[in-house]
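Residue strings, one per chain:
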Amino acid sequence: MTELADGRGFSYALPEHWADELRSRGIEQICDLHQNDRGAHDLEGVTMIDGWAHCPMTPRHLEVIPRPDQLSVPKLKKNGTPSERAEHAEKFRELEEFRAAIAERKTWAFRRTRGADANGTERFECPAQAGQLVCANCPVSQFLPPGTPKVENPPEPTTAPKACRQRTIGIPGDVMPKIRQRHYWGSDAWIAASVRRSRVEGAFGTPKSSKTENVRRRWTHVVGLVKTGLMVVVAQAAANLRCLRAWAARTGDRTDSLTHLDPEDYGFEEIDPAAAPPAGTGPPAAA
């Protein structure tokens, strides 16, 4: 499986211009959601929320969960000011509340049992059948442990949607194709997969810094794609070596030969093998 963590800008793209093209190439996207794509939509009795199938009795307050500005809160500096500490605590609180709300809603989510087939159809299992909820329409769920969330006022068996009368259902590939993805949006697995993008962006940005390789327009005196590309390769190799040695200095791990410190340079003198060895360089003679 090949995954691609795309930027939020791609949430504006029509599915035929982006998501469908990825799927046709066997690539699964990890995407954030545009505000206009949030919320609940009915699909033959199944509630589709944020691109995922949910129980039709999912509590309304879980349909739209506010997303925090940051999905990863770095450690607070040891010498942080009171305002920095307060800001850090607020960001951490927002993230934890978001994670808790997503975890609660995921209890009502169908379990993805099979990825897309040749037609793009995925199969999902009822959350009661998956052991996440107790529901009167699912006899086997009555044996779940005490404390398992219970579906209040489930649909009448005679009028219940197909999703409540069978173990799994198929969701066609043309249903919300723009935001369908393997990982449940907002879950810990999705956050872990999504934040990898910041590492990639940081890797691209590091060589451009004026304090490092300073790769920018007119940074070399060569022209042409081939020559410029070769210079970029050299700059990126230098950036990789710099980052590797910084990591080695931080961790103390210098098992890789590339992490060894360069010997001190004392200059050099070229010696002609055919000639006599260089004369000694003793102290100057007294005048």
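Residues numbered from 1 in each chain as written. Predicted model: local features only at pLDDT ≥ 70, side-chain atom pairs only at ≥ 80, totals over all residues. Heavy atoms only, no water.

Bringing helix α5 (residues 225-251) into the picture now. When the terminal C-alpha atoms of α5 are compared, their 38 Å separation across 27 residues agrees well with the 39 Å that a helix rising 1.5 Å per residue should span. Those residues of α5 that sit buried are A235, A239 and A248. One or two steps after α5, the chain reaches G252, where phi turns positive at roughly 80°. (Helix = DSSP H or I, 4+ residues; strand = E, 2+ residues; numbered from the N terminus. Expected span 1.5 Å × (residues − 1). Buried < 20%, exposed > 50% of the residue type's maximum accessible area, 1.4 Å probe, protein only.)

Counting residues in hydrophobic clusters, the biggest one holds 35 residues, and the most contacted among them are V46, F98, F110 and I171. Those elements that place two or more of their residues in this core are β4 (46-49), β5 (52-54), α2 (82-106), β8 (168-171) and α3 (188-194). The contacts of F110, once residues within four sequence positions are left out, are V46, W52, A53, H54, C55, F124, E125, C126, P127, A163 and I169. (Core = buried A, V, L, I, M, F, W, Y, C linked by side-chain atoms within 4.5 Å. Contact = heavy atoms within 4.5 Å.)

With the rule as written, the count across this model stands at 23 salt bridges. Between E125 and R167 there is a salt bridge, with its nearest N and O atoms 3.0 Å apart. Within this pair, whereas E125 is found in strand β7 (residues 122-125), its partner R167 is found in the loop between β7 and β8, the two being separated by 42 residues in sequence. Overall, E125 belongs to the buried group, its relative accessible area being 4%. For R167, a relative accessible area of 45% translates into the label partly exposed. E201 is paired through a salt bridge with R197; the nearest N and O atoms lie 3.1 Å apart. One end of the pair, E201, and the other, R197, are both in helix α4 (residues 196-205), 4 residues apart, so they sit about a helical turn from each other. When its relative accessible area of 43% is taken as the criterion, E201 is described as partly exposed. Given a relative accessible area of 29%, R197 falls into the partly exposed group. Through salt bridges with shared partners, a single ionic network connects R38, D50 and R105. (Salt bridge = Lys/Arg side-chain N within 4 Å of Asp/Glu carboxyl O.)

On to unusual backbone geometry, then. Look at E44: it is not a glycine, yet its phi comes out positive at around 50°. Inspection of the secondary structure puts E44 in the loop between β3 (40-43) and β4. With a phi angle near 50°, M176 is a residue other than glycine that sits in the positive phi range. For M176, the position within the fold is in the loop between β8 and α3.

Turning our attention to α2. Helix length check: α2 (25 residues) gives 36 Å between terminal C-alpha atoms against 36 Å at 1.5 Å per residue, within 8%. All buried positions along α2 are accounted for by L95, F98, A101, I102 and R105. Packed against the buried residues of α2 are β4, β5 and α3.

With antiparallel pairing, the 3 strands of this open sheet are ordered in space as β3-β4-β5. Two strands bound the open sheet, and with one partner strand each, they are β3 and β5. Between one strand axis and the next, the sheet turns through 40° on average, direction left out of account. Pairing between β4 and β5: 3 bridges, direction antiparallel. For I49, the partnering residue across the bridge sits in β5 and is W52. (Pairing = 2+ DSSP bridges. Axes fitted to C-alpha atoms, helices over the stretch in contact; angles between N-to-C directions.)

In this section: the confidence of the model for the protein. Of all residues in the protein, 96% have pLDDT values of 70 or greater, and the mean over the chain is 89. Within the protein, no element has a lower average pLDDT than α4, which sits at 82, and none a higher one than β5, at 96. (pLDDT = per-residue confidence, 0-100.)

Turning our attention to the sheet that holds β7. The strand order β6-β7-β8 describes an open sheet built from 3 strands, whose pairing is antiparallel. Because the sheet does not close on itself, it has two edges, and the strands there are β6 (111-114) and β8. The mean inter-strand angle of the sheet, taken between neighbouring strand axes irrespective of direction, is 40°.

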